[in-house]
Amino acid sequence: MSAILSGAYGGSLNPHLIFINVLWGYLLTPFYLILPEISWYLIFQLLLCFLSFTILSYMLLKKLNRSMALMVITLLLTVFGSDAYILMQFTKTAMIAVMAGSLVFLWALFEQRSLRIEISAAILCVIGTWFRFNIIYLAGGFLLFILIVEIVRVWKNETDHRRFWLKMRKIISAGLLLILVVTGCKLFDDYSYNKDPEYKYFKEYSEARAAIVDASDYGYEAYAEELQKIGISENDYKMMRNWNFADNEVFSLDIMQKAADIIQDYKKKVERSKEVIIEEIQNRGLQGYPVFLACVVLTILSIVFQRKNCWTAIVIWGIGFAYILYCFLIERTVYRTEYAVFLGGFLGAVLITVAFMFIDSINNVLDKGSDSMGSFKYEYVLNRLKTDE
C-alpha cells in the first residue's frame, strides 16, 4: 500500500490503497508531493499509534490513582506499544486507534469531560476505521460490554432519574453521530471504487483471489470434480494458490469468483472435531505471547485486589476467548488478529476491573473519613455538654 500511494506502481501518486480507506490516501498525498523521498505512509502510521497510546495514557492518569496508572501504562507500552512499533501492521494500528478513540470517547461522555477531548477521541476512532473498517467487529464485543457496565454504574449512582435520562440522551446522540460519520466514510470509500469500472473490477477480482488464497488448502483433489467443470486444472489451482498467474482470459473474474465459491462451499462442509481444534490452539502457542502474558498479569491483579468485581474480567476474557475460538473455527489464525483480541481484552479489563479497584479504594477512604469525622463530632458535642454543666 505504501508503494501504491508513493507512485511506485503506475508512476504517479495513487490514494486508492485497496485495504485502507481512500480518504487516508487523499490525506497523505500532499506530503508525498512536498517530499516524495519520505515514506509518509509509515510515518503517519507510527504517529497514529503514538497519539493513540498517548490519549490512552492521559485517560488512565485521570481515571486511576497515579501509582496504579503508571503501572498499567508501563505494562501497556512495554508489551503492546513496542509490538505495535516494531511489527507495524495496519490491522493492529486500526485496533489500537479504534479502541483508544472509543474508550476515551466513552470516558469523556460518561465523566462529562471537555468537548475537545470528545472530538479528539472521535477523530481517532474514525481514522482507525479508515485503516480497517472490519476491525469494528473485533472491538465491538469489548466496547459493548464496557458500555453496558458504564450505563449500569451511572444508573446506580444517579438518584435523579430525570438527570440520568438526560445524560443518556446526550451519550446516545453523540454515539449515533460517531456511527453516522464512520458509516459515511465507508460509503464514500465504496463509491470511490464503484464509480470507476477499472477499480471496481480490480476490487472484485482482489476479493475473489483473497477468498481462494486465504482459505485453508485441502488439496486439489478435494475440489477436483467441481473445479474441472469450470476448466481449472491442478496446475491452474496451484498457480492460483501461489499467486503466480496473470492471464485474464484463463483466470477471468467470473472463473475466479466461481473457484472461490467452490472452495468456500467445501470449507463449510468440512467437519472439524473438538480434539483437532484444541490441538491447533495448543500448537499455536498463544501462552507464549508477551501480549497474552500481560493479560494474565492484569487478570491476577484483578482477582487478588478486586474479588468483588473480578467477574468483569472473567466476562472480558470470555469475549476474548470467543473471538480466538472463532478464528480457529474459520481457520484464520494470524498474529495481527490475535494481537487485536488481546489488546481489546487488556484495555477492557483495565477500564472496568482496575477502575473499580480504584473506586472501591476511594470509597473505603471516604467511609473511614466519615467514621473519623463522626467520632470527632460526638466527642466535641460531649465535651461541650460537660462544659455547659
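Student: It is not clear to me how the overall build of the chain should be interpreted in this structure. Could you clarify?
Tutor: Across its full length, the chain holds 16 helices and zero strands. Relative to its full complement of 389 residues, the chain shows a buried share of 45%. In the chain, the proportion of contacts linking residues at least 24 apart, taken out of those at least 6 apart, comes to 74%. Roughly 21400 Å² of accessible area belongs to the chain as shown, and the carbon and sulfur atoms make up 62% of that amount.

Student: How should the pattern of salt bridges be read in this particular structure?
Tutor: Pairs may arise between side chains of opposite charge once their charged atoms sit close together. Inspection of every chain in the model, using the stated rule, returns twelve salt bridges. Between Lys170 and Glu118 there is a salt bridge whose closest N-O contact spans 3.9 Å. Residue Lys170 is located in helix H8 (residues 161-194), and its partner Glu118 is located in helix H6 (residues 115-131); the two are separated by 52 residues in the primary sequence. The class for Lys170 is partly exposed, based on a relative accessible area of 43%. Of the charged contacts, one joins Lys258 and Asp254 as a salt bridge, the two residues approaching to 3.3 Å between their closest N and O atoms. With a gap of four residues between them, Lys258 and Asp254 both fall in helix H12 (residues 253-269), about one helical turn apart.

Student: Before we go on, may I ask you to explain the packing of aromatic side chains in this structure?
Tutor: One pair of aromatic rings is described through two measures. These are the centre distance and the angle between the planes. For the structure shown, the criterion picks out 24 aromatic pairs. In textbook terms, an aromatic cluster arises when at least three aromatic residues are bridged by ring pairs, as seen for Trp24, Phe31, Trp40, Phe44, Trp130 and Phe131. Just above the ring of Tyr339 sits the side chain of Lys92; from NZ or CZ to the centre is 4.8 Å. Its end group placed over the ring of Tyr193, Lys203 keeps NZ or CZ at 4.5 Å from the ring centre.

Student: Would you mind showing me how to read the packing of helix H9 (residues 197-213) against H12 here?
Tutor: Look at H9 against H12: their axes get within 8 Å of each other, and the N-to-C directions meet at 30 degrees. In this view, H9 runs roughly parallel relative to H12, as classed from their interaxial angle. H12 is crossed by H9, and the crossing has left-handed handedness. Contacts from Tyr201, Glu204, Tyr205, Ala208, Arg209, Ala211 and Ile212 in H9 reach Leu253, Met256, Gln257, Ala259, Ala260, Ile263 and Gln264 in H12.

Student: I tried to follow the environment of Gln257 on my own but got confused; where do I start?
Tutor: In this structure, Gln257 sits in helix H12. Counting along the chain gives 49 residues from Gln257 to Ala208, while the straight-line C-alpha distance between them is 5.2 Å. In this view, Gln257 contacts Glu204 and Ala208; residues no more than four positions away in its chain are not counted.

Student: How should I be thinking about helix H11 (residues 234-241) in this particular structure?
Tutor: Think of an α-helix as 3.6 residues a turn; residues three or four steps apart then line up on the same face. Listed in full, the buried residues belonging to H11 are Asp236, Tyr237, Met240 and Arg241. The buried side chains of H11 occupy one side of the element, clustering within an arc of 135 degrees when seen end-on.

Student: Honestly, the side chain of Lys267 in this entry has me stumped. Any pointers?
Tutor: Along the chain, Lys267 turns up in helix H12. At a separation of 2.7 Å, a polar atom in the side chain of Lys267 contacts the main-chain carbonyl oxygen of Ile330.

Student: For this particular structure, what's the right way to read the nonpolar core?
Tutor: General note: in soluble globular proteins, nonpolar side chains tend to be found buried as a group. Ranked by size, the top nonpolar core spans 92 residues in total, and within it Trp24, Phe80, Leu103 and Phe346 carry the most contacts. The greatest single-element share of this core, amounting to 16 residues, is contributed by helix H5 (residues 90-110). Excluding residues that lie within four positions of it along the chain, Trp24 makes contacts with Leu17, Phe44, Ile127, Trp130 and Phe131. Grouped together as the second largest cluster of nonpolar side chains are 19 residues, Ile212, Tyr220, Ala259 and Ile262 included.

Student: Which parts of the structure should I look at to understand unusual backbone geometry?
Tutor: Keep in mind that most residues, glycine aside, have a negative phi and that most peptide bonds are trans. For Ile18, which is not glycine, the phi torsion reads 65 degrees and is therefore positive. Relative to the assigned elements, Ile18 resides in the loop between helix H1 (2-6) and helix H2 (22-34). Ile18 sits in the buried class, given a relative accessible area of 17%. The residue Glu331 is not glycine, and still its phi comes out positive at about 60 degrees. Position of Glu331 among the secondary structure elements: in the loop between helix H15 (311-329) and helix H16 (335-388).

Student: Would you explain the side chain of Lys167 in this entry?
Tutor: Tracing the backbone through its elements, the reader meets Lys167 in helix H8. Residue Lys167 is classed as buried on the basis of its relative accessible area, which comes to 18%. Each residue touching Lys167, except ones within four places of it in the same chain, is listed here: Leu109, Phe110, Gln112 and Val154.

Student: Explain a nonpolar patch on the surface to me, please; I cannot follow it from the model alone.
Tutor: Taken together, the side chains of Leu47, Phe50, Leu51, Tyr85, Ile86 and Leu87 make up a nonpolar region of the molecular surface, amounting to roughly 590 Å² of accessible area. No other element matches helix H3 (residues 40-63), which puts three residues into the nonpolar patch. On the basis of relative accessibility, which here comes to 47%, the residue Phe50 falls in the partly exposed class.

Student: What am I meant to see in the environment of Leu347 here?
Tutor: Here Leu347 lies in helix H16. Filtering out sequence-adjacent residues up to four positions away, Leu347 remains in contact with Leu56, Leu76, Met99 and Leu103.

Student: I keep staring at the confidence of the model for the chain and nothing clicks. Help me out?
Tutor: Keep in mind that low pLDDT regions are not for reading the predicted coordinates in detail. Taken over all residues, the pLDDT of the chain has a mean of 85, while the share at 70 or more is 89%. Predicted confidence for residues 358-382 stays below pLDDT 50, and this span has six contacts to residues more than four positions away or in other chains.

Conventions we followed
Residues numbered from 1 in each chain as written. Predicted model: local features only at pLDDT ≥ 70, side-chain atom pairs only at ≥ 80, totals over all residues. Heavy atoms only, no water. Helix = DSSP H or I, 4+ residues; strand = E, 2+ residues; numbered from the N terminus. Buried < 20%, exposed > 50% of the residue type's maximum accessible area, 1.4 Å probe, protein only. Contact = heavy atoms within 4.5 Å. Areas by Shrake-Rupley, 256 points an atom, 1.4 Å probe, with all protein chains shown as cover. Salt bridge = Lys/Arg side-chain N within 4 Å of Asp/Glu carboxyl O. Phe/Tyr/Trp six-rings, centres within 6.5 Å; stacked < 30°, edge-to-face > 60°. Lys NZ or Arg CZ within 6 Å of the ring centre and 35° of its normal. Axes fitted to C-alpha atoms, helices over the stretch in contact; angles between N-to-C directions. Parallel < 35°, antiparallel > 145°, perpendicular 65-115°, else oblique. Left-handed = near helix turned anticlockwise from the far one by under 90°. Arc of directions from axis to C-beta. Polar contact = N/O pair within 3.5 Å; in protein donor to acceptor, adjacent residues only side chain to side chain. Core = buried A, V, L, I, M, F, W, Y, C linked by side-chain atoms within 4.5 Å. Patch = residues over 30% accessible without salt bridge, like charges linked within 9 Å, V, L, I, M, F, W, Y side chains within 5 Å. pLDDT = per-residue confidence, 0-100.

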